[in-house]
Amino acid sequence: MAGLCTHALLLAACALPCSSLTPPAQVSPPQQQPLSLALNSSDAGLLLDVPVALRVFSVDYHHVQAPFEIVLWIMLASLAKLGFHWSGRVPAVVPESCLLIMVGLMVGGVIYGVRHSAPPTLSADAFFLFLLPPIVLDAGYFLPGRLFFENLGTILWYAVLGTLWNVMGIGLSLYGVCLLSPESLGDVSLLHCLLFGSLIAAVDPVAVLSVFQEIHVNEQLHILVFGESLLNDAVTVVLYKLFESFLRMPTISGVDVLLGGCRVVVVGLGGLCLGLFFGLLAALTSRFTSRAQVIAPLFVFLYSYLSYLTSEMLHLSGIMAIVTCAVTMKQYVEANVSQRSNTSIQYFLKMWSSVSETLIFIFLGVSTIQDVHMWDWPFVCSTLLLCLLWRALGVLLLTAVVNKMRRNAVTFRDQFIIAYGGLRGAICFSLVFLIDDFPKKRLFITTTIVVILFTVFVQGMTIKPLVELLEVKKRKRALPTVSEEIHSRILDHLLAGIEDVVGYWGQHYWKDKFEQFNKKYLRRFLIREERQECSSILRVYEELERREQRGEEETPITQVEHCSQERTLILESRPHSRPLLPEEMDSIRRILSRNLHNFNNKKSRDVHCWTECGAELQQRIVFDVSVGPLETFYTHNHCVCLPDPPLVEVSYGVLMCNCQHCLLHHRTQKVPL
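What comes next concerns the included structure. (Residues numbered from 1 in each chain as written. Predicted model: local features only at pLDDT ≥ 70, side-chain atom pairs only at ≥ 80, totals over all residues. Heavy atoms only, no water.)

Things to note about helix 11 (residues 219-247)
With 29 residues, helix 11 should cover 42 Å at 1.5 Å per step; its first-to-last C-alpha distance of 41 Å lies within 8% of that length. Counted residue by residue, helix 11 has 25 buried out of 29 residues, so it is predominantly covered. (Helix = DSSP H or I, 4+ residues; strand = E, 2+ residues; numbered from the N terminus. Expected span 1.5 Å × (residues − 1). Buried < 20%, exposed > 50% of the residue type's maximum accessible area, 1.4 Å probe, protein only.)

Structure, rendered in structure tokens:
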């Protein structure tokens, strides 16, 4: 039943796009010889058409035109995707997006040759309301949460400030180009250039996902590029609508600019809050699906899509809403529903997003065959060069600033891939058709198509050889084991405790606080009681099992064989480990005990108290390697017994002053953390 419901939703979602993509044929209804039985009156009349003879066979294409064309387009997209993966060595050279666009170009050429008119175009409503949400939902639901939130500051830095940098830089530079060519570009105003800059600066997440999934860069680089493209679109659409509103106003004052800035903030935060609300509501609903597990996956799609539509209705950021909704509800929904329901959610999201992505690229190629093109060499070439230049400068400048606040700096090679991986796609293509008619709208459309084709074909096809040439760090193909994941979480707790001790409120501190709040309040309220007592180790195992299942399904057979061979070679060449000697353990214990309090160059917090001798005491922290937990003990800051008291090891690596006051205070008033 769930499968039937989801397929019905897919067909309903595609009905409007295809009706808007393919204009209905001018087919007149069949002429029949009616036998009229009329009842005439002054108020109304009734006319019944009865056929003269019964027909054995008839054709009524007009009755099934819309769903029939929907199925044909989806079938074409699926066959093109299937042929790509069975085309031998082609996937190793040409990205999938390039091949789909070429298929669209051929289909568009055939339609143009047969009909002698322009083929259907991808309307903005069809793209933003039906094709984009499944892709964003899939990306948000399977977003690597740990990596994303660890790099959230850098992602927002690139997505917000980087987008503003690109929009203003490209828009102002294009206006300068228009001033230098008054004969052909004199009627393009500053606001038109800023409007065009806002749409052409949009890095498309569909194109980025399609290309970066094939080159297997390291996790940090992938999440920076993909996270930026995901949030960059929300900023781009808001700026586009802002400049569009400015164009429709007779005059613009400083108050209007200030209100426009406030609108950008409200749109982003409003979409965030709306997505959070629907995500928690979806998690709460999934708690009560134990007696009807067959419809549990349906709520994931309904609440996510409802958050997107509600945001669009309120003129908020739909992309921000659906991403927040997916990230919020994921852990609670997975805990509430059964394993079969989780598998259904996974399969349907992947299928839905894959079909939408394939249709987008095919219609990009089909829509390129148009009669509305206008060419201007200075404007087209300048736009292409300015997009590359301003993005490269923005990445270099913003990374130079953000590296001062990051522990793991973004290397120059990664910066080059981030700048070079700014691919354009269907978002800017859909936005350019929404511009109000003015003399140079056709030039904007042509320039947008050129930029999309250049970034997808040239940059998309050359980025993989560049990654190999620059020796960019690749992603680990092997998934972490349960023990590795547990050790990683232990280190998270340890670092959170250290940050709390030294008074540094970093990401581990806030992550630990959220986990405590989540365990104490949210999980009790949003997860069924029989699932709350589940062991944390068991939850880690289940999560790794789901992750391994997704990885095996998304990895081609040849890559799996290659990975297994690499893993075998690594295991054979790895030297056998030996247990540590006692003197080595003692050395490690002494190093940790002596240096751990200097973590992050932060001074420990001073706690002053007084003993009977009136000496000032200072709290100090050490780490007991043998026992494990952090211990707090007191030693003299200014010892009255010795001018420079030596620190001796009392027990298990605990260092303290060899003073009677210190020993007495340690034995009687030691306070564990």
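Let us keep going from here.
So, the packing of aromatic side chains
Counted by the stated rule, this structure contains 21 aromatic pairs. Measuring from ring centre to ring centre gives 5.6 Å for F379 and F444, while their planes differ by 15°; the resulting arrangement is stacked. Note that F379 is positioned in helix 16 (residues 377-402) and F444 in helix 19 (residues 441-470), a separation of 65 residues in sequence. An aromatic cluster of at least three residues, connected via ring pairs, comprises F196, F379, F438 and F444. (Phe/Tyr/Trp six-rings, centres within 6.5 Å; stacked < 30°, edge-to-face > 60°.)

A few points about the side chain of T383
As for its placement among the helices and strands, T383 is situated in helix 16. The class for T383 is buried, based on a relative accessible area of 0%. Leaving out residues up to four positions away in the same chain, T383 has contacts with L174, F196, I200, T447 and V451. (Contact = heavy atoms within 4.5 Å.)

What about the pattern of salt bridges?
Under the criterion given, the structure shown has twelve salt bridges. The salt bridge partner of R146 is E150, with a shortest N-O separation of 3.4 Å. A residue pair is termed a helical-turn pair when its members lie 3 or 4 positions apart in one helix, as R146 and E150 do in helix 6 (residues 145-150) at four residues. For R146, a relative accessible area of 36% corresponds to the partly exposed category. In this structure E150 comes out as partly exposed when scored by relative accessible area, which is 33%. Between K441 and D437 there is a salt bridge, and its shortest N-O distance comes to 3.4 Å. (Salt bridge = Lys/Arg side-chain N within 4 Å of Asp/Glu carboxyl O.)

Let's talk about the packing of helix 10 (residues 205-215) against helix 15 (residues 339-368)
One way to put it is that helix 10 packs onto helix 15 with a least axis distance of 11 Å and a crossing angle of 105°. It follows from the interaxial angle that helix 10 and helix 15 lie roughly perpendicular. Mapping the contact onto sequence places V206, A207 and S210 in helix 10 and E357, I360 and F361 in helix 15. Considered class by class, the residues forming the contact of helix 10 with helix 15 number four nonpolar, one polar and one charged. (Axes fitted to C-alpha atoms, helices over the stretch in contact; angles between N-to-C directions. Parallel < 35°, antiparallel > 145°, perpendicular 65-115°, else oblique. Nonpolar A, V, L, I, M, F, W, Y, C, P; charged D, E, K, R; others polar.)

Some thoughts on unusual backbone geometry
Look at H216: it is not a glycine, yet its phi comes out positive at around 55°. By the secondary structure assignment, H216 is in the loop between helix 10 and helix 11. According to the relative accessible area criterion, H216 is buried, its value standing at 14%. The phi dihedral of H315 is positive, around 60°, even though this residue is not glycine. Its location among the elements puts H315 in the loop between helix 13 (296-313) and helix 14 (318-336). For H315, a relative accessible area of 54% corresponds to the exposed category.

Section: the nonpolar core
F127, F128, Y141, L199 and F212 are the most contacted members of the largest nonpolar core, which totals 131 residues. At 15 residues, helix 11 tops the list of elements feeding residues into this core. Setting aside anything within four residues of it in sequence, one finds Y141 in contact with V300, A326, M329, K330, V333, E334, I345 and L349. Grouped together as the second largest cluster of nonpolar side chains are six residues, A335, L522, L526 and I527 included. (Core = buried A, V, L, I, M, F, W, Y, C linked by side-chain atoms within 4.5 Å.)

Note that every value here comes from positions in space, so none of it alone points to a role or purpose.
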